[in-house]
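A look at the structure
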Amino acid sequence: MKNREIANLFEEIADILELRGENRFRINAYRRSAQAVSGISRDIEEMAAEGSIESIPGIGKDLREKIEEYLRSGEISLLERLKNETPPILLDMLRIPGIGPKTALLIHAELGVGSLEDLKRMALEHRLQELPKIKEKTEKNIIRGIEFLESFKGRTPIGIALPLAEDIIESLEGCEEVSRLEYAGSLRRHCETVGDIDILAASSSPEDTIKYFAGLSLVESVIVSGPTKCSVFTSDGIQVDLRVVEEKSYGAALNYFTGSKAHNIRLREIAIERNLKLNEYGVFEKKDGGSGKRIAGATEDEVYSALGLPYIPPEIREDTGEIEAALKGGLPELVSRSDIRGDLHTHSDWSDGNASLDDLASAGKRAGLKYILVSDHSMSLRIAHGLTAKRLISQIAEIDRINEKIRGFRLLKGSEVDILPDGSLDLEDGVLKKLDVVIAAVHSSFKMKRDRMTERIISAMKNPFVSVLAHPTGRLLGTREPYDVDMDAVIAAAAETETALEINSHPLRLDLDPVHARKAAAAGVLLSLGTDSHDPSLELDHLRYGIGTARRGWLCKEHILNSRTAAALKKLIERKRKRNP
DNA sequence: GCCGTTTTCGGCCCGACTGTTTTCAGTCG
């Protein structure tokens, strides 16, 4: 599907037009169409073939022609022209949080910076303060913004890396010589971003396998290629390493390349204690200096077992207590997809989603879920067409009608109610009590001082009708830092008020992160998995990123709110409501 | 650039925050 590519190009056009001070409605038209194109579940190429592109809201004759031009020639001439006329540093600067077109143009015109490194250096030398309307604070924010971008530089979010790795594996399965195949590295540990993608293969002919890999259509260029290892860049600029090993070493290699480094070091220490040697080829008996007999290596199970350990799931291989737990036989039974009965955070076309309630229900049923919470935004979030109390009540009636028609599945009535800056909620208790599950979230005034933000969030959790705090820290990976909030206090308040904390499963949020999720569970707080889906046909599947995060946080089925049946879930929610009438 | 029970031109979302200013421009969602 080229939907995403086209959306990115339209965004780029909008950015450049903005820098050129074009008509803001024209700019907005490009942004809206970018959203529309990436938001639809249908393949844009298919729609082009049947001539129905203009049925997408926000796309008229002109944009249709640009889409067709791209599908035909691989580029949009308008964008090529605009790019020729625009210094790339201007676009780079727009990615810095807090810098918009005006500031970017000003800095570029007055100081002539050529790169972000340049800009950072000048900011550190306080050169930016020579400019009008820029003082110490703005300068500091710019430095902070650049450092924020740097921390993600060269890293790929799991939401892109995982599907790509799966595609590569599917392609490599076409290579006859390959007998075993998996992705390893930080991706297998379900880290939220990865530096590169590691693929491990067992093959009877490493050379042929490497040749096959280097010839895949998604390979843009080969970085290095040897007899057992090949590194390439894909057309998106992501590095993929393939390593080919013998079958008898496959488990040891998988273990080695999965990491983490800290985990591997601990394993090697355990091997030494047992007078064994562990490396990427296997577990060996130690014979006075020389390498002895191989006693394990073909599977990871075998490797762990040779070290006297049970199999340790990749998501917790971080040396944060898993070795000790394994030695004591106390490893957690981590939550898995089959434990999850419902999705507790979705949007429909009543607010900013693209699916009707009917679509949402059928997509949920197809995904094997028992229930889905419809949690459209509340009215203060105008940008997302938040629902007024009146519209929410009509939605409730509509959900009741739909539920009467379907079997074996339920739409739950809900709201993602806004937590206003003073900590009050955007809907009255009288409305909230009509809902099955209320999730509350901050969507405005992100830059509040720590104490006030913490107080604001805790005050919302105290409301008896708020069952879940959604995306508790508000971070957007690579785009927005978390709010300045005292998470320890929030976790304590969640335990005290019986409010669940969400693990928002959108791959660019993954909020809570594993560290906080683990802390919360230890404090007796339930975690709620929600996809925050705005397009159920594509995004209900994001549940897997949330599950990966939950597993990284050592969570088991019983820690997860939506591993419950709908009836058990309602009982838990009633308990909080009754406790604070 | 899109769109139309306000219909082919004239609107289009706009409130809130931040940091810089003494009244507002720029940015964000």
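Just so you know, these numbers come straight off a predicted model, no measurement behind them.

A word on the pattern of salt bridges. For the coordinates displayed, the defined rule picks out 43 salt bridges. In this structure, the salt-bridge partner of Arg20 is Glu85, at a minimum N-O distance of 2.8 Å. In this pair, Arg20 is assigned in the loop between helix H1 (3-19) and helix H2 (24-39) and Glu85 in the loop between helix H5 (77-84) and helix H6 (88-94), connecting sequence segments 65 residues apart. We note a salt bridge from Arg144 to Glu481, for which the minimum N-O separation is 2.9 Å. Of this pair, Arg144 sits in helix H9 (residues 136-150) while Glu481 sits in the loop between strand S15 (468-469) and helix H21 (487-497), and the two are 337 residues apart along the sequence. On the basis of relative accessible area, Glu481 is assigned to the partly exposed category, the value being 33%. Connected via shared salt-bridge partners are Glu54, Lys61, Arg64, Glu65 and Glu68.

Attention shifts here to H1. Between its first and last C-alpha atoms H1 spans 25 Å; for 17 residues at 1.5 Å apiece the expected length is 24 Å, and the two agree. Within the sequence span of H1, burial applies to Asn3, Ile6, Ala7, Leu9, Phe10, Ile13, Ala14, Ile16, Leu17 and Leu19. Against H2, helix H3 (44-50), helix H4 (61-73), H5, H6 and helix H7 (101-111) lie the buried residues of H1. Among the residues trailing H1, Gly21 stands out with phi positive, at a value near 70 degrees.

Assigned domains within chain A: domain 1 (2-84), domain 2 (88-151), domain 3 (156-245), domain 4 (261-326) and domain 5 (346-579). Averaged C-alpha coordinates put domain 2 and domain 4 at centres separated by 49 Å.

Turning to its location among the elements, Asp339 is positioned in the loop between helix H16 (322-327) and strand S11 (342-346). Although Asp339 lies buried, it forms no salt bridge, and the closest oppositely charged side chain, Lys557, sits 4.4 Å away as judged by the N-O distance. The contacts of Asp339, once residues within four sequence positions are left out, are Leu334, Lys557, Asn562 and Ser563.

Right, let's talk about the nonpolar core for a bit. Side chains of nonpolar character tend, in soluble globular proteins, to be buried together. Membership of the largest hydrophobic core comes to 59 residues, with the highest contact counts inside it found for Leu411, Ile457, Met461, Leu501 and Leu527. Setting aside residues no more than four positions away along its own chain, Leu411 makes contact with Leu357, Ala361, Ile372, Val374, Ile399, Ile402 and Asn403. Judged by nonpolar contacts, the second largest core, of 50 residues, contains Ile56, Ile59, Leu78 and Leu90.

Our focus in this paragraph is unusual backbone geometry. Residue Gly259 is joined to Ser260 through a cis peptide bond whose omega torsion reads -5 degrees. If you trace the backbone, Ser260 turns up in the loop between helix H13 (250-258) and helix H14 (261-273). The amide bond that connects Asp511 to the next residue, Leu512, takes the cis arrangement and shows omega of 10 degrees. Along the polypeptide, Leu512 turns up in the loop between strand S16 (500-504) and helix H22 (514-522). Its identity as a non-glycine residue notwithstanding, His126 has a phi of 60 degrees, on the positive side. Mapped onto the elements, His126 comes out in the loop between helix H8 (116-124) and H9. In the Ramachandran plot, Ser445 falls in the positive-phi region, its phi being about 45 degrees despite a non-glycine side chain. Looking at the secondary structure, you find Ser445 in the loop between strand S14 (437-441) and helix H20 (450-461).

The rules behind each value
Residues numbered from 1 in each chain as written. Chains lettered and ligands numbered in written order. Predicted model: local features only at pLDDT ≥ 70, side-chain atom pairs only at ≥ 80, totals over all residues. Heavy atoms only, no water. Salt bridge = Lys/Arg side-chain N within 4 Å of Asp/Glu carboxyl O. Helix = DSSP H or I, 4+ residues; strand = E, 2+ residues; numbered from the N terminus. Buried < 20%, exposed > 50% of the residue type's maximum accessible area, 1.4 Å probe, protein only. Expected span 1.5 Å × (residues − 1). Contact = heavy atoms within 4.5 Å. Domains from an automatic or database assignment. Lys, Arg positive; Asp, Glu negative; His and termini not counted. Core = buried A, V, L, I, M, F, W, Y, C linked by side-chain atoms within 4.5 Å.

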